Amino acid sequence: MIIEKISGSVKCDMASCKNKAVYSVDSKVSLSQNLNLCENCARSLYEALGRIFVPKSPQNMLSNSAKDKKRGKDEV
Ligand SMILES: [Zn+2]
């Protein structure tokens, strides 16, 4: 999947958003068929996806980083 930066006339695809799209997920069909997102919505989407695909609670992240400090970088 390719995400292009676009500058122009396409509206953000989020229905509730009236910004101009800055990022366009290439559909290989045409720009109007792409998923076009503005900076804000792209960021929100990224964060939302991050919560789905990296399901870590803040507590886990804290304890992981504490372990990492003890172990050093051996396991990375
Ligand atoms: Zn938007």
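The model shown is predicted, which means the values in this text are computed figures rather than measured ones. (Residues numbered from 1 in each chain as written. Predicted model: local features only at pLDDT ≥ 70, side-chain atom pairs only at ≥ 80, totals over all residues.)

Chemist: Let's hear about the overall build of the chain: which residues, and what values?
Modeler: Helix and strand counts for the chain stand at two helices and three strands. For the chain, the α and β elements follow one another from N to C terminus as β-β-β-α-α. Across the 76 residues in the chain, those meeting the buried criterion constitute 13%. Pairs at least 24 residues apart make up 19% of the contacts formed inside the chain by residues separated by at least 6 positions. (Helix = DSSP H or I, 4+ residues; strand = E, 2+ residues; numbered from the N terminus. Buried ≥ 20, exposed ≤ 12 C-beta atoms within 10 Å, placed from the backbone. Contact = placed C-beta atoms within 7 Å.)

Chemist: Talk me through the nonpolar core; I want residue IDs and the actual numbers.
Modeler: Nonpolar side chains in soluble globular proteins generally cluster together in the buried interior. Core analysis: the largest hydrophobic core is formed by seven residues, namely Cys12, Ala21, Tyr23, Leu37, Cys38, Cys41 and Ala42. The contacts of alanine 42, once residues within four sequence positions are left out, are Val22, Tyr23 and Leu37. (Core = buried A, V, L, I, M, F, W, Y, C linked by C-beta atoms within 7 Å.)

Chemist: Account for the sheet that holds strand E1 (residues 3–5), naming residues and giving values.
Modeler: Read across the open sheet, the three strands follow the order E1-E2-E3; overall the sheet is antiparallel. Edge positions in the open sheet fall to E1 and strand E3 (35–37), since each of these has one partner strand only. Neighbouring strand axes in the sheet, compared pairwise and without regard to direction, differ in orientation by 20 degrees on average. The pairing of E1 with strand E2 (residues 23–25) spans three bridges and is classified as antiparallel. By the bridge assignment, glutamate 4 is partnered in E2 with serine 24. (Pairing = 2+ DSSP bridges. Axes fitted to C-alpha atoms, helices over the stretch in contact; angles between N-to-C directions.)

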